[in-house]
Amino acid sequence: LTHAVVSFAGPMKQGVEAYNQGDHQGALEKFTEAQVESPDDPGIQFNRSSALYQTENYEEAAKGFEAVAAGTGDPALKEKAFYNLGNTAYRQGNLKAAADYYQKALTLEPNDLDAKQNLEFVFREIEKQKQEQQQQQNQDEKGKDQKGEGQDQKSSSDQDKGEQKDQQEQAQKDPDQPQEKGDKGSENSTASGEENKDEPEDLGQGKIQEAKTQGEE
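Note that this is a predicted model, so its numbers are computed, not measured.

Visitor: A description of the overall build of the protein should follow, citing residues and the corresponding values.
Guide: The number of helices and strands found in the protein is seven helices and zero strands. N-terminal to C-terminal, the α/β element order of the protein is α-α-α-α-α-α-α. Every one of the 217 residues in the protein was classed for burial, and the buried ones make up 31%. For the protein, the proportion of contacts with a sequence separation of at least 24, taken over those separated by at least 6, is 58%.

Visitor: Explain the packing of helix α1 (residues 11–20) against helix α2 (residues 24–37) residue by residue, including any values.
Guide: Running from N to C, α1 and α2 point in directions that differ by 160 degrees, and their axes come no closer than 8 Å. Here α1 is positioned roughly antiparallel relative to α2, judged by the angle of their axes. α1 and α2 meet at a crossing whose hand is left-handed. Contacts between α1 and α2 involve Pro 11, Met 12, Gln 14, Gly 15, Val 16, Ala 18 and Tyr 19 from the former and His 24, Gly 26, Ala 27, Lys 30, Phe 31, Glu 33, Ala 34 and Glu 37 from the latter. In terms of residue class, the contact of α1 with α2 is built from eight nonpolar, four polar and three charged.

Visitor: So what's going on with the environment of Asp 74? Residues and values would help.
Guide: By secondary structure assignment, the location of Asp 74 is in the loop between α4 (58–71) and α5 (75–91). Between the C-alpha atoms of Asp 74 and Pro 42, which are 32 residues apart in sequence, the distance is 9.4 Å.

Visitor: Can you break down the pattern of salt bridges residue by residue, with the values?
Guide: Scanning the entire structure with this criterion turns up three salt bridges. Residues Lys 30 and Glu 33 are paired through a salt bridge, measuring 3.7 Å at the closest nitrogen-oxygen approach. Here Lys 30 and its partner Glu 33 are both found in helix α2, three residues apart, which amounts to about one turn of the helix. By relative accessible area, Lys 30 is classed as partly exposed at 27%.

Visitor: Give me the packing of helix α3 (residues 42–54) against α4: which residues, what numbers.
Guide: For any two helices packed against each other, the geometry comes down to the angle between their axes and how far apart the axes lie. Relative to each other, α3 and α4 sit at 155 degrees, their axes nearing to 8 Å. When the axes of α3 and α4 are compared, the pair comes out roughly antiparallel. As α3 runs across α4, the sense of the crossing is left-handed. Along its contact with α3, which presents Pro 42, Gln 45, Phe 46, Ser 49, Ser 50, Leu 52 and Tyr 53, the element α4 presents Tyr 58, Glu 60, Ala 61, Gly 64, Phe 65, Ala 67 and Val 68.

Visitor: Go over the environment of Ala 69, please, and point to the residues and values.
Guide: In this structure, Ala 69 sits in helix α4. Separated by 12 residues in sequence, Ala 69 and Ala 81 place their C-alpha atoms 5.6 Å apart. Not counting residues within four places of it along the chain, the set of residues in contact with Ala 69 comprises Lys 78, Ala 81 and Phe 82.

So, how was this worked out
Residues numbered from 1 in each chain as written. Predicted model: local features only at pLDDT ≥ 70, side-chain atom pairs only at ≥ 80, totals over all residues. Heavy atoms only, no water. Helix = DSSP H or I, 4+ residues; strand = E, 2+ residues; numbered from the N terminus. Buried < 20%, exposed > 50% of the residue type's maximum accessible area, 1.4 Å probe, protein only. Contact = heavy atoms within 4.5 Å. Axes fitted to C-alpha atoms, helices over the stretch in contact; angles between N-to-C directions. Parallel < 35°, antiparallel > 145°, perpendicular 65-115°, else oblique. Left-handed = near helix turned anticlockwise from the far one by under 90°. Nonpolar A, V, L, I, M, F, W, Y, C, P; charged D, E, K, R; others polar. Salt bridge = Lys/Arg side-chain N within 4 Å of Asp/Glu carboxyl O.

Written out as structure tokens, the structure is:
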């Protein structure tokens with residue numbers, strides 16, 4: 001979700017035009033030029049960070065949004081900075097941090113529907129990860145148990161073979177002695193298809209609403 005940026009004169013205006021046309025690299029260059037002229041302007045820093053986000057430079061974008069959130073006295077701009085920090089953390093694979101930032105944004109603006117949607121989506125992703133981790137842990141433990149059972153079965157099979165050999169020798173000495181066939185029931189007869197796999201619940205699809213930019217209401 002792309003929003004309009006604040007339009008100022010000179011390189012800032014050119015950056016806005018480039019950004020709205022989808023030329024995020026060109027916008028970044030113009031916003032950087034504007035920041036050189038006005039290094040303490042949080043609006044310029046915010047828009048530059050948004051351009052960094054769009055060019056997938058998430059580390060530098062996060063630094064810029066953090067500086068805006070910490071330094072601006074404008075609650076609306078601070079809320080957008082937290083929202084964009086949530087998006088940036090999500091893109092970096094840090095779901096917990098993303099959730100924390102969306103919650104901070106909602107504390108400042110409870111009616112931010114994009115932040116609500118993204119927070120719900122991230123919570124679902126966190127729950128999905130927990131289920132997948134639990135499933136992997138269960139599979140690892142089951143593999144260890146099956147390995148131990150296999151060793152026990154091998155030992156039992158060797159013992160059965162020894163007993164069978166003794167019985168064969170005894171049968172040769174005493175032709176009237178019936179030969180035992182051994183007990184195959186001691187083998188593991190469970191089919192692999194009968195495993196009760198703990199599949200993660202399908203939590204549905206969703207998407208992250210994209211970064212906000214300065215001036216969006």
